[in-house]
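# Structural characterization, general
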Amino acid sequence: MRRFLLLYATQRGQAKAIAEEISKKAGEHGFFADLHCLSESDKYDLKTETDPLVVVISTTGTGDPPDTAIKFVKKIRDKTLPPDFFSHLRYGLLGLGDSEYTYFCNGGKIVDKRLQELGAQHFYKTGHADDCVGLELVVEPWIDGLWTALNKHFVSSKGKADMTSDFSTTSNISFQTDLVKPEVLPIESQIALLKLDDSGKKVSEASTQNITNVLSGSLIEDSEPSLTQSIPPLSQSALNIPALPPEYLDVQFQEPLGQEQCQVSFTPMDTVFQVPISKAIRLTKEDAIKTTLLLELDISNTTFSYQPGDSFSIICPNDASEVQELLQRLQLSEKREHCILLKIKENNKKKGAAIPQHVPERVSLQFLLTWCLEIRAIPKKAFLRALVEYTSDSTEKRRLQELCSKQGASDYNHFIRDSYVSLLDLLHAFPTCRPPLSLLLEHLPKLRARPYSCASSCLFHPGKLHFAFNIVEFLSSVEPVTLRKGICTGWLAVMVNSVLQGNGNVSQGNDVEASFPEISIFPHTTNSFRLPNDPSVPIIMIGPGTGIAPFIGFLQHREKIQEQHPGGNFGTMWLFFGCRHKDRDYLFREDLDHFLKNGILTELKVSFSRDIPAKGKDTSPKYVQDNIRLYSQHVTRILLQEKGCIYVCGDAKGMAKDVNDALVEILSKEAGVEKLEAMKMLATLREEKRYLQDIWS
């Protein structure tokens, strides 16, 4: 077979899953994919690689390569490398990103640009897949086109022109159902096509008569589509569904062996700290739309250290009621305390099958579902495809097939991805779907620790760490509709509810441990959202809502530094803050007044998006970007003439993009340049670490 090197770099597993899909399909098209993670530098050598290279790489943070690519990127960024270092290399790259963030697919773009600078050439166009609208919209056609590009590469490099006709014949097999208009086919032909996946192989058999009824019935139904029901043309379409993912885990239950033996630690304890919550304060009024809490952690008895602007993560459990409900739905409630033993199935067909790293050995089923698996994860199409096999009702079976098919991509995005549907939601919506526990372990990702920004300075609060958050609340999208809270914020809110006092102090009763609930935290290895080393550098801070949190730490830190150096040269500090209502959710108002009064904060510009402007002030700024435009001359002067730094913290989906657009606009206006040039200015500021973002979606 014709070999190509397939490398991936992933943060949460998406790039790896896509690379594995490419590897699996390669054999069907006459290729062998030599698959490795970019971090496994001992298993490949690009300097001597003669076969084509395919790279799948995600983006993390605000535009950084994933952790598994950091060493690779550092290596290829070596300025001593000659411009023809990779001139022998031919490659194709698929970048994954989210357009809600300013630097979309930047991880892939960094690698792509540098490979070209070192002489490598594309044999296939670069793809940029957007998680905001659905990765598959780009990923699937990119993979489909990869085989033709690989074939052309081998034909041109080896002179085997006669392969072209053979290849085009085989490659078109995958798309034969797409080439026929299903609505003009007899119903029997549609059923025949339904039984083919996009490799031309038969999918699992459902009752032909029942499928006929489903298809025929949908012709006369006049209703809106939903998670459980489609309408024409999808309900009448032949479907290209993914190949069935091979099952590879064997689950065995063992009688409980006692709490200590079963509840084994699953995190590296040298980096995880158990710390008590020493204070809890409600920052918003009772009538505020969102509830914001400030928690104080006592880190005085640990080696945990931080600087203002740093982030850390909290290890949190799944909602106990959802775990209980899932156990009942899986009919495993009686085995909740049993220990789980995992083995790899013999003769399984999964390449490189291994027990998931996030599933620890010898833990109870209850512990596994509570602390290890992201049970609220949005099911990927491969998971839906696997669930089809464990669904007995033909109508439900067909709908699951539609949702994982190419033809059902829009329905998948609307009813699953954009609706944040979870496995539990699917099991409610499709009552005859009864998957085994092994399937969940194969498809559910690791329960992620949740990141938060430090909202304090250790100089201002020695031995303490503050952070602020909104309690996330939303309605489930599947009947029965229930009010859900964020996995971590909901858990924290319940934990501190009994100790949340009017003055923010935790009650200290006789039982000290009960008064101070503990949580597990760990620091982030890389933090760049920090104050300039030179305190004379002026800074602009933009943080609406809880985005103000790290800037409170900045201001506290600056106050203490100025107290220690009363004659020092300190740069100006501007803060743009925004909230809905001045009298309901103006976070840290007294603190900001204090910093302004003491001259720590040079300028404070606040906007209220929901308050009715006073008479004669109909044009009051509603959002932080409006205030930025009002003070465009000052912002431009600080950034361009005074070489200042600008920090943005908060929501990536709307605010961060709007702020970026406003900055482009004012730089263009005040500097008298075209918008493209203004965008380049911002890019330069970012490269110089003078435009920093701490944003989330």
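Just so you know, the residues in each chain are numbered from 1, in the order the chain's sequence is written. Where totals are concerned, whole chains, interfaces and linings use all residues; where local detail is concerned, this predicted model gives features only for residues with pLDDT of at least 70, and gives and counts side-chain atom pairs only at 80 or more. For side-chain calculations, the full set of non-hydrogen atoms in the structure is used, while hydrogens and water are omitted.

### Notes on the sheet that holds strand E12 (residues 450–453)
- The criterion for strand pairing is that DSSP finds at least two bridges linking the strands in question. Only runs of H or I of at least four residues qualify as helices and only runs of E of at least two qualify as strands under DSSP, and these elements are numbered from the N terminus. Read across the sheet, six strands follow the order E12-E10-E16-E8-E9-E13 without closing on themselves; strand pairing throughout is antiparallel. Bordering the open sheet on either side are E12 and strand E13 (464–470), each of which pairs with just one other strand. On average, adjacent strands in this sheet sit at an angle of 40 degrees to one another, irrespective of strand direction.
- The pairing of strand E10 (residues 311–315) with strand E16 (residues 518–523) spans four bridges and is classified as antiparallel. Bridge pairing in E16 places Phe312 opposite Pro523. Working convention: axes come from line fits to C-alpha atoms, limited for helices to the stretch in contact. Angles between N-to-C directions cover 0 to 180 degrees.

### Digging into the pattern of salt bridges
- Salt bridge, as used here: a side-chain nitrogen of Lys or Arg that lies within 4 Å of a carboxyl oxygen of Asp or Glu. Across all of its chains, the model carries 31 salt bridges by this definition.
- The residue Arg417 makes a salt bridge to Asp131 at a minimum N-O spacing of 3.3 Å. Of this pair, Arg417 sits in helix H13 (residues 409–417) while Asp131 sits in the loop between strand E6 (127–130) and helix H4 (136–158); the two residues are 286 residues apart in sequence, bridging distant segments of the chain.
- Only protein chains enter the accessibility calculation, which uses a 1.4 Å probe. A residue is then buried if its area is under 20% of the maximum for its type, exposed if over 50%, and partly exposed in between. For Asp131, a relative accessible area of 25% puts it in the partly exposed group.
- Across the pair Arg629 and Asp626 runs a salt bridge, and its minimum N-O distance is 3.8 Å. Residue Arg629 and its partner Asp626 are located together in helix H20 (residues 624–630), separated by three residues, close to a single helical turn.
- Accessibility expressed as a relative area gives 31% for Arg629, which makes it partly exposed.

### Side note on helix H9 (residues 320–329)
- Listed as buried for H9 are Glu322, Val323, Leu326, Leu327 and Arg329. When H9 is viewed along its axis, its buried side chains cluster within an angular range of 165 degrees and face the same direction.
- When checking whether two residues touch, look at their non-hydrogen atoms; a contact exists if any pair is within 4.5 Å. Residues of H9 that are buried in the fold lie against helix H10 (365–372), helix H14 (423–429), helix H15 (437–443) and strand E15 (483–485).
- Downstream of H9 by one or two residues, Gln331 has phi in the positive range, about 60 degrees. Arc, as used here, means the arc of the directions from the helix axis to the C-beta atoms.

### Looking at the environment of Asn348
- Within the secondary structure, Asn348 is located in the loop between strand E11 (339–344) and H10.
- Taking relative accessible area as the criterion, Asn348 reaches 23% and is therefore assigned partly exposed.
- Along the backbone, Asn348 and Glu247 are 101 residues apart, and their C-alpha atoms lie at a distance of 6.9 Å.
- Once you skip the residues sitting within four places of it in the chain, Asn348 turns out to touch Glu247, Tyr248 and Ala353.
- Within 3.5 Å is the distance limit for a polar contact, defined as a pair of N or O atoms, with the added protein rule that one can donate a hydrogen and the other accept it, and that residues adjacent in sequence qualify only through two side-chain atoms. A polar side-chain atom of Asn348 sits 2.9 Å from the main-chain carbonyl oxygen of Lys345.
- Of the polar contacts made by the side chain of Asn348, one reaches the backbone nitrogen of Lys350; its length is 3.0 Å.

### What to know about the sheet that holds strand E21 (residues 691–696)
- Within the open sheet, the five strands sit side by side as E19-E18-E17-E20-E21. Their pairing is parallel. The open sheet has two edge strands, strand E19 (603–608) and E21, and neither has a second partner. When the angles between neighbouring strand axes are averaged without regard to direction, this sheet yields 10 degrees.
- With four bridges connecting them, strand E17 (residues 539–542) and strand E18 (residues 573–579) associate as parallel partners. Of the residues in E18, the one forming a bridge with Met541 is Leu575.

### Concerning unusual backbone geometry
- In this chain, Pro232 is followed by Pro233 through a cis amide linkage whose omega measures 5 degrees.
- Counting through the fold element by element, Pro233 comes out in the loop between helix H7 (208–220) and strand E7 (249–254).
- Look at the link from Glu479 to Pro480: it is a cis peptide, with omega at -5 degrees.
- Note that Pro480 resides in the loop between strand E14 (473–475) and E15.
- Although it is not a glycine, Cys105 sits at a positive phi angle of roughly 55 degrees.
- Unlike most non-glycine residues, Arg362 shows phi in positive territory, near 55 degrees.
- On the accessibility criterion, Arg362 (31% relative accessible area) is partly exposed.

### Some points on a nonpolar patch on the surface
- A cluster of nonpolar side chains, Leu475, Val481 and Leu483, forms an exposed patch at the surface whose accessible area comes to about 300 Å².
- Within the secondary structure layout, Leu483 lies in strand E15. Residues enter patches when their relative accessible area tops 30% and they take part in no salt bridge; the joining distance is 9 Å for like charges and 5 Å for the nonpolar side chains Val, Leu, Ile, Met, Phe, Trp and Tyr. Each accessible area is a Shrake-Rupley estimate made with a 1.4 Å probe; only the visible protein chains count as cover when residues are assessed.

### Examining the layout of surface pockets
- Lining residues are defined by having an atom within 4 Å of a point belonging to a cavity or pocket. Those points lie on a 1 Å grid over the protein atoms alone, cavities being sets where a 1.4 Å probe fits but cannot get out and pockets being open sets with protein on both sides within 12 Å along at least five of seven lines. Grid points are joined across faces, edges and corners, and a volume is the space filled by probe spheres set on the points. The computed volume of the second largest pocket comes to approximately 510 Å³.
- When residues of the lining of the second largest pocket are traced back to their parent elements, those giving at least two are strand E8 (273–282), helix H18 (549–564) and helix H19 (589–597).
- Three categories are distinguished: nonpolar for Ala, Val, Leu, Ile, Met, Phe, Trp, Tyr, Cys and Pro, charged for Asp, Glu, Lys and Arg, and polar for the others, with Gly belonging to the last. Broken down by class, the residue content of the lining of the second largest pocket amounts to nine nonpolar, four polar and 10 charged.

### Digging into the packing of helix H21 (residues 632–641) against helix H22 (residues 652–671)
- Where H21 meets H22, the closest approach of the two axes is 9 Å, and the angle between their N-to-C directions is 85 degrees. Put simply, H21 runs roughly perpendicular to H22. Between H21 and H22, the contacting residues are Ser632, Gln633, Val635, Thr636 and Leu640 on the first element and Leu663, Ile666, Leu667, Lys669, Glu670 and Ala671 on the second.
- Considering only residue class, the contact of H21 with H22 consists of six nonpolar, three polar and two charged. To sort the angles, those under 35 degrees are grouped as roughly parallel, those over 145 as roughly antiparallel, those from 65 to 115 as roughly perpendicular, and the leftovers as oblique.

### Describing the packing of aromatic side chains
- Stacked, edge-to-face and tilted labels apply to pairs of Phe, Tyr and Trp rings (six-membered ring for Trp) whose centres lie within 6.5 Å, assigned for plane angles under 30 degrees, over 60, and everything in between, in that order. In the structure shown here, the tally under the stated rule is 21 aromatic pairs.
- On the numbers, 5.5 Å between centres and 50 degrees between planes, the contact of Tyr452 with Phe467 is tilted. Placement of Tyr452 in strand E12 and of Phe467 in strand E13 is noted, with a sequence separation of 15 residues between them.
- Residue classification places Phe467 among the buried positions, given a relative accessible area of 0%.
- Relative to Phe554, the ring of Phe529 lies with its centre 6.1 Å away and its plane at 25 degrees, an arrangement referred to as stacked. Residue Phe529 is located in the loop between E16 and E17, and its partner Phe554 is located in helix H18; the two are separated by 25 residues in the primary sequence. Accessibility classification places Phe529 together with Phe554 in one group, the buried group.
- Among the aromatic residues, ring-to-ring pairing joins Phe4, Phe31, Trp147 and Phe154 into one connected group.
- Ring-over charges, as used throughout, are those where CZ of Arg or NZ of Lys falls within 6 Å of the ring centre and within 35 degrees of the ring normal. Positioned above the aromatic ring of Tyr412, the side-chain terminus of Lys381 is 5.4 Å from the ring centre.

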